[in-house]
Amino acid sequence: MTERVVLAYSGGLDTSVAISWIQKETGKEVVAVALDLGQGGEDMEVVRQRALDCGAVEAVVVDARDEFADEYCLPAITSNALYMDRYPLVSALSRPLIAKHLVQAARNHGGTVVAHGCTGKGNDQVRFEVAFATLAPDLDVLAPVRDYAWTREKAIAFAEENAIPINVTKKSPFSIDQNVWGRAVETGFLEDLWNAPTKDVYDYTDDPTLNWQSPDEVIISFDKGRPVAIDGRPVSVLEAIVELNRRAGAQGVGRLDVVEDRLVGIKSREVYEAPGAMVLIRAHEELEHVTIERELGRYKRGTDRKWAELVYDGLWFSPLRRSLEAFVDATQAHVSGDIRLVLHGGHIAATGRRSSESLYDFNLATYDEGDSFDQSAARGFVELHGLSSKISAKRDLGL
């Protein structure tokens, strides 16, 4: 029986070229695996047929939208996950799920090799291959774009010479990755840091000035950290992301122009669109400020940052990520309630918070009549709180 390579297939330039190239260079059959992660665009049946047209012996399409939302995006929400405090892990979250289904397909279709179309400069090669090594160390890995130094020009030329159907041309050089959690755009003129993104870069979001006269007020309800309703209407996590992509995107919310530190050691300019992700993370953070005790909140902000770094660095299946998530799950016991936001002109403004689990005590916080805070206790507290600094300063000043 001919050996089989199971390829993570997106339907784009590199993986379409990879099908034909792998077969010609290795003599192995290719099984293409594509996941529906809510990326929109082409119908997944069209993507499946393209894989077959490119020479795949089998093409598998998996509807993983709810799995992605519930098992990958939801932990990102509860961990307020923003790499470098900005990037909501649009691509990083999807890679371990794709790797999981790729390994399953290899088991089901007799694959001995798993393959991806990542370059040697990016983070995704790490995310895929560390996941493969964790889930199926017996499988070999093939990375033709990286290991054989493909350039985009070479890939396009190969596609044209071999009549491979692709949706990228020399006139449209962007590299795009998208799913329901967001959209990532790189390469082309964006590689010059001084070049501003043009309107054709964006797809998930409208110009922030387009609906300037019509701000959108939205109430997002959470139950133990999980978004469960929008404006009082029950929603699944996937439905929440989809609706907020639409509504926040119409307000130009979620546009990010980032120079980020890649795991491989270089800096990269990326343009992201993540309207639903940014709104849900912001709303969740606001509710945590109301319902989580101060010291727990301070500590969790550090673990949130670490969780995001682990996922960005391709360590989704690591013991530390699992342990941090167990901690985060415990912190969400009281994160229930409603957050009101106004989406307008590319910005998110929190205007209201309410929760039966709130730690906010009006009578302690008010400066009006009814104040129950004992201000006489504050003088001694301040004196003791600063005592060590006072003693040190006297020594340093020679007093």
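All values derive from a computational prediction rather than experimental measurement.

### Concerning the sheet that holds strand 9 (residues 226-230)
Ordered in space as 10-9-8-13-14, the 5 strands form an open sheet in which the pairing is antiparallel. Lying at the two open borders of the sheet, with one neighbouring strand each, are strand 10 (233-234) and strand 14 (347-354). Relative to strand 14, strand 13 (residues 337-344) is paired through 7 bridges, and the arrangement is antiparallel. What sits directly across from isoleucine 339, in strand 14, is arginine 353. Across the sheet, helix 8 (residues 237-250) lies against strand 8 (216-223), strand 9, strand 10 and strand 13, angled at about 60 degrees from strand 9, the strand it touches most.

### Let's talk about the sheet that holds strand 7 (residues 182-186)
Read from one edge to the other, the open sheet built from 4 strands follows the order 6-7-12-11, with strand pairing classed as antiparallel. Of all strands in the sheet, those bounded by a partner on one side alone are strand 6 (175-179) and strand 11 (255-261). Taken pair by pair, the neighbouring strands of this sheet meet at an average axis angle of 25 degrees, ignoring direction. The pairing of strand 11 with strand 12 (residues 267-273) spans 7 bridges and is antiparallel. Paired with glutamate 260 across the bridge in strand 12 is serine 268.

### Side note on helix 8
The end-to-end C-alpha distance of helix 8, which contains 14 residues, comes to 20 Å, matching closely the 20 Å that a straight helix rising 1.5 Å per residue would cover. Most of helix 8 is tucked away: 10 of the 14 residues are buried. Restricting attention to buried positions, one finds in helix 8 the residues Val237, Leu238, Ala240, Ile241, Glu243, Leu244, Asn245, Arg247, Ala248 and Gly249. Structurally, helix 8 contributes buried residues whose contacts are with helix 3 (65-78), strand 8, strand 9, strand 10, helix 9 (275-291) and strand 13. Positive backbone phi, approximately 75 degrees, marks glycine 252, located one or two places after helix 8.

### Brief notes about the packing of helix 8 against helix 9
Contact pair helix 8 / helix 9: the axes reach a minimum separation of 7 Å and the direction vectors enclose 105 degrees. One element, helix 8, and the other, helix 9, form an angle in the roughly perpendicular class. Each of Ile241, Leu244, Asn245, Ala248 and Gly249 in helix 8 lies in contact with helix 9, whose residues at this interface are Pro275, Gly276, Ala277, Val279 and Leu280. Considered class by class, the residues forming the contact of helix 8 with helix 9 number 7 nonpolar, 3 polar and no charged.

### Quick look at the side chain of asparagine 245
Note on placement: asparagine 245 falls in helix 8. The class for asparagine 245 is buried, based on a relative accessible area of 13%. Here asparagine 245 is in contact with Val180, Tyr204, Pro275, Gly276 and Ala277, once residues within four sequence places are set aside.

### Points about helix 9
End to end, helix 9 covers 25 Å across 17 residues, agreeing with the expected 24 Å (1.5 Å per residue, within 8%). For helix 9, the buried fraction is high: 14 of the 17 residues fall into the buried class.

### Some details on the environment of glutamate 239
By secondary structure assignment, the location of glutamate 239 is in helix 8. Separated by 10 residues in the primary sequence, glutamate 239 and alanine 229 place their C-alpha atoms 9.3 Å from one another. A distance of 2.8 Å separates a polar side-chain atom of glutamate 239 from the backbone nitrogen of serine 236.

### Some thoughts on the pairing of strand 2 (residues 29-36)
Counting buried positions over the 8 residues of strand 2 gives 7, a clear majority of the element. Bridging between strand 1 (residues 4-8) and strand 2 involves 5 bridges; their strand directions are parallel. Looking at strand 2, one finds that arginine 4 is bridged to glutamate 29. A crossover connection joins strand 1 to the parallel strand 2 through helix 1 (residues 13-26); in handedness this β-α-β unit is right-handed. In the sheet, strand 2 pairs with strand 3 (residues 58-63) via 6 bridges, with the strands oriented parallel. Bridge pairing in strand 3 places leucine 35 opposite valine 62. After leaving strand 2, the chain enters helix 2 (residues 44-53) and then returns to the sheet as strand 3, a path that is right-handed.

Thresholds applied
Residues numbered from 1 in each chain as written. Predicted model: local features only at pLDDT ≥ 70, side-chain atom pairs only at ≥ 80, totals over all residues. Heavy atoms only, no water. Pairing = 2+ DSSP bridges. Helix = DSSP H or I, 4+ residues; strand = E, 2+ residues; numbered from the N terminus. Contact = heavy atoms within 4.5 Å. Axes fitted to C-alpha atoms, helices over the stretch in contact; angles between N-to-C directions. Expected span 1.5 Å × (residues − 1). Buried < 20%, exposed > 50% of the residue type's maximum accessible area, 1.4 Å probe, protein only. Parallel < 35°, antiparallel > 145°, perpendicular 65-115°, else oblique. Nonpolar A, V, L, I, M, F, W, Y, C, P; charged D, E, K, R; others polar. Polar contact = N/O pair within 3.5 Å; in protein donor to acceptor, adjacent residues only side chain to side chain. Right-handed = clockwise from strand over helix to strand, strands pointing away.

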